[in-house]
Amino acid sequence: MYIYNVTINIEERKHSEWLEWMKNEHIPDMLATGKFSKALMTKVLVDEEMGGITYSVQYTTDSKNTLERYYAEDAERLRSKTNRFAGQFVAFRTELEVISEHS
């Protein structure tokens, strides 16, 4: 199992609009690709020196191959939809391989 993690810092003045867009449009669009089984959105509870509010969104997928298909087939289209917030956020992406899971 793999996790595609996207960490985003959004300016406070755009925060509410962006958060609603993420929850009601972007995350559902990501899941609609059929390449992710679930998404977990968390707020980072550390104050950033640069300001803004930081979130991490973790999209679970079954394999590296499926993640590569997302990059090839969907990533550009979905990332282009963030243009409405251009210059108001920074994001970085991390791929994580799940080694073990405990409950």
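Computed from a predicted model, the values in this text were never measured in an experiment.

Attention shifts here to empty space enclosed by the protein. In total, this model carries one cavity of 30 Å³ or more according to the counting rule given. Volume-wise, the largest cavity comes out at about 180 Å³. Looking at the largest cavity, it is lined by 16 residues, and the ones nearest its centre are Val6, Ile8, His26, Thr82 and Arg93. Of all the elements, helix H1 (residues 15–32) adds the most residues to the lining of the largest cavity, at five residues. Here the residues of the lining of the largest cavity sort into 12 nonpolar, two polar and two charged.

The α-helix winds at 3.6 residues per turn, so residues separated by three or four positions along the chain end up facing the same way. Compared with an ideal rise of 1.5 Å per residue, which puts 18 residues at 26 Å, H1 spans 24 Å between its outermost C-alpha atoms and is within 8% of the ideal. Taking the largest bend as the criterion, H1 deviates by roughly 50°, centred on Met22. Buried within H1 we find His15, Trp18, Leu19, Trp21, Met22, His26, Ile27 and Met30. Along its buried surface, H1 packs onto strand E1 (2–10), strand E2 (38–43), strand E3 (53–61) and helix H2 (64–80). Remark: Gly34 follows H1 within two positions and exhibits a positive phi of approximately 80°.

Turning to the packing of aromatic side chains, a few remarks are in order. Applying the stated criterion across every chain yields a total of nine aromatic pairs. Here the aromatic rings of Tyr4 and Tyr70 are separated by 5.5 Å at their centres, their planes lie at 55°, and the arrangement is tilted. One end of the pair, Tyr4, is in strand E1; the other, Tyr70, is in helix H2, and 66 residues separate them in sequence. The pair formed by Tyr4 and Tyr70 is uniform in burial state, with each residue classed as buried. Ring centres of Trp21 and Phe85 lie 5.3 Å apart, and the angle between their planes is 55°; on these two criteria the pair is classed as tilted.

Attention shifts here to the sheet that holds E2. Taken together, the four strands give an open sheet; going across it, the order is E2-E3-E1-E4, and neighbouring strands pair in antiparallel fashion. Looking at strand neighbours, the two that pair on one side only are E2 and strand E4 (89–97), the edges of this open sheet. Each adjacent strand pair in this sheet contributes to an overall mean axis angle of 15°, direction not counted. Inspection of the sheet shows E1 paired to E3 by nine bridges, in the antiparallel sense. The residue of E3 that forms the bridge with Ile10 is Ile53. On the sheet, H2 packs against E1, E3 and E4 and is oriented at approximately 30° with respect to E1.

Thresholds, definitions, all that
- Residues numbered from 1 in each chain as written.
- Predicted model: local features only at pLDDT ≥ 70, side-chain atom pairs only at ≥ 80, totals over all residues.
- Heavy atoms only, no water.
- 1 Å grid on protein atoms, 1.4 Å probe; cavity = no way out; pocket = protein on both sides within 12 Å on 5 of 7 lines; lining within 4 Å.
- Points joined across faces, edges and corners; volume = space filled by probe spheres on them.
- Helix = DSSP H or I, 4+ residues; strand = E, 2+ residues; numbered from the N terminus.
- Nonpolar A, V, L, I, M, F, W, Y, C, P; charged D, E, K, R; others polar.
- Expected span 1.5 Å × (residues − 1).
- Bend = angle between axes of the 7 residues up to and from the residue.
- Buried < 20%, exposed > 50% of the residue type's maximum accessible area, 1.4 Å probe, protein only.
- Contact = heavy atoms within 4.5 Å.
- Phe/Tyr/Trp six-rings, centres within 6.5 Å; stacked < 30°, edge-to-face > 60°.
- Pairing = 2+ DSSP bridges.
- Axes fitted to C-alpha atoms, helices over the stretch in contact; angles between N-to-C directions.

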